[in-house]
Amino acid sequence: AQTVTQSQPEMSVQEAETVTLSCTYDTSESNYYLFWYKQPPSRQMILVIRQEAYKQQNATENRFSVNFQKAAKSFSLKISDSQLGDTAMYFCAPGGGSEKLVFGKGTKLTVNP
Amino acid sequence: GAVVSQHPSWVICKSGTSVKIECRSLDFQATTMFWYRQFPKQSLMLMATSNEGSKATYEQGVEKDKFLINHASLTLSTLTVTSAHPEDSSFYICSVRPEEGWNEQFFGPGTRLTVL
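What counts and what doesn't
Along every chain, residues carry numbers that run from 1 in the direction the sequence is written. As a convention, the first chain written is A and the first ligand written is 1, with the rest following in written order. Side-chain atom pairs in this predicted model are given and counted only at pLDDT of 80 or more, local residue features only at pLDDT of at least 70, and totals for whole chains, interfaces and linings cover all residues. With hydrogens and water stripped out, all remaining heavy atoms of the structure feed into the side-chain values. Should any heavy atoms of two residues lie within 4.5 Å, those residues are considered in contact. By buried area we mean how much accessible surface two parts lose on assembly, using a 1.4 Å probe and totalling the loss over both. What counts as a salt bridge is simple: a side-chain nitrogen of Lys or Arg found within 4 Å of a carboxyl oxygen of Asp or Glu. Polar contact is defined as a pair of N or O atoms within 3.5 Å, subject to the rule that within protein one atom must be able to donate a hydrogen and the other to accept it, and that residues adjacent in sequence are counted only when both atoms are side-chain atoms. Strands here mean DSSP runs of E at least two residues long; helices mean DSSP runs of H or I at least four residues long; both are numbered from the N terminus. Disulfides are defined as cysteine sulfur pairs within 2.5 Å. Only protein chains enter the area calculation, which uses a 1.4 Å probe; residues under 20% of their type maximum are buried, those over 50% are exposed, and those in between are partly exposed. We call two strands paired when DSSP finds no fewer than two bridges between them. Note on method: axes are straight lines fitted to C-alpha atoms, helices fitted across the in-contact stretch only, with angles between N-to-C directions ranging 0 to 180 degrees.

1. Looking at the interface of chain B and chain A
Consideration 1: Contact residues are listed per partner, giving 19 residues for chain B and 19 residues for chain A.
Consideration 2: Buried surface at the junction of chain B and chain A, both sides included, amounts to about 1600 Å², of which 49% is carbon and sulfur.
Consideration 3: Sorting the residues of chain B by area buried against chain A places Asn-103, Glu-104 and Phe-107 of chain B first, and these three jointly supply 33% of that buried surface.
Consideration 4: At the junction of chain B with chain A, the criterion picks out two salt bridges.
Consideration 5: Of the charged contacts, one joins Glu-104 of chain B and Arg-50 of chain A as a salt bridge, the two residues approaching to 2.6 Å between their closest N and O atoms.
Consideration 6: Here chain B is connected to chain A by eight residue pairs in polar contact (both at pLDDT 80 or more).
Consideration 7: Elements that contribute at least two residues to the side of chain B that touches chain A include exactly strand 4 (32-38), strand 5 (44-51) and strand 9 (90-97) of chain B.

2. A closer look at the state of the cysteines
Disulfides are covalent bonds that link the sulfur atoms of two cysteine residues.
Consideration 1: Evaluation of the coordinates by the stated rule reveals two disulfides over all chains.
Consideration 2: The disulfide bridge from Cys-23 of chain A ends at Cys-92 of chain A, spanning 2.0 Å between sulfur atoms. Torsion about the S-S bond of the Cys-23 of chain A and Cys-92 of chain A cystine: about -65°, corresponding to left-handed handedness. Of this pair, Cys-23 of chain A sits in the loop between strand 3 (19-21) and strand 4 (24-26) while Cys-92 of chain A sits in strand 10 (residues 88-95); the two residues are 69 residues apart in sequence, bridging distant segments of the chain. Each member of the pair, Cys-23 of chain A as well as Cys-92 of chain A, carries the same accessibility label: buried.
Consideration 3: Note that Cys-23 of chain B is cross-linked by a disulfide to Cys-94 of chain B, the S-S spacing being 2.0 Å. Linking Cys-23 of chain B and Cys-94 of chain B, the disulfide has an S-S dihedral of approximately 80° and is accordingly described as right-handed. Residue Cys-23 of chain B is found in strand 3 (residues 19-25), and its partner Cys-94 of chain B is found in strand 9; the two are separated by 71 residues along the sequence.

3. A word on the sheet that holds strand 5 (residues 33-39) of chain A
Remark on secondary structure: sheet strands pair via backbone hydrogen bonds, oriented parallel or antiparallel.
Residue and element names in this part refer to chain A.
Consideration 1: A sheet is described by the order of its strands in space; here five strands give the open sequence 2-11-10-5-6, paired in mixed fashion. This sheet does not close on itself; its edge strands, each paired only once, are strand 2 (10-14) and strand 6 (46-52). Across the sheet, the axes of successive neighbouring strands diverge by a mean angle of 25°, strand direction being ignored.
Consideration 2: Relative to strand 10, strand 5 runs antiparallel, the two being bridged by seven bridges. Opposite Leu-34, over in strand 10, you have Pro-94 as the bridge partner.

Below, the structure written as structure tokens:
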């Protein structure tokens, strides 16, 4: 079974600054994917970034990047140049492929002007 | 990514009645759809996996006779909450995993159910 731990229930950051959200997980799968989703106040779940576990190179998507440490089972999300629109709940989720997603409890991020 | 719709976006019903929620994949054929529920300020909890043309697979603790799932086509899955009670009030979200070659799930906008 997969488990996910997001140890930061809430975080805040000033606009234009950088923030890192942490996530650790446990899985018995050898081939899997990792995802970060955001859920803004509208409650629409939006895919932020994904990482294939077999790839050593960290994924990047514009201002969003990950630090994937496979041996440590760590998958943190870095948001650069934070914007007000980044205010949301962020969920880390391992899974993908034929596997179902398991979501962490989430980190509520507030970007302050 | 895939575009997913849900209908209705919110519904209020009386205790004891049944409510049907539709989930549609608008631009992809989805052999697999998922249903989640989310309580306020909590994470998403998977209820069941819906496979086109076969019975849904329910997660442990989810009553299959209470939450009926039908995935009759590659673009439509429905969740029916039967004999709804106030404790069933929640936010229900569906997602689709398009056909082979995709790994991420794409989510609908959710349905807020309030049972009086």
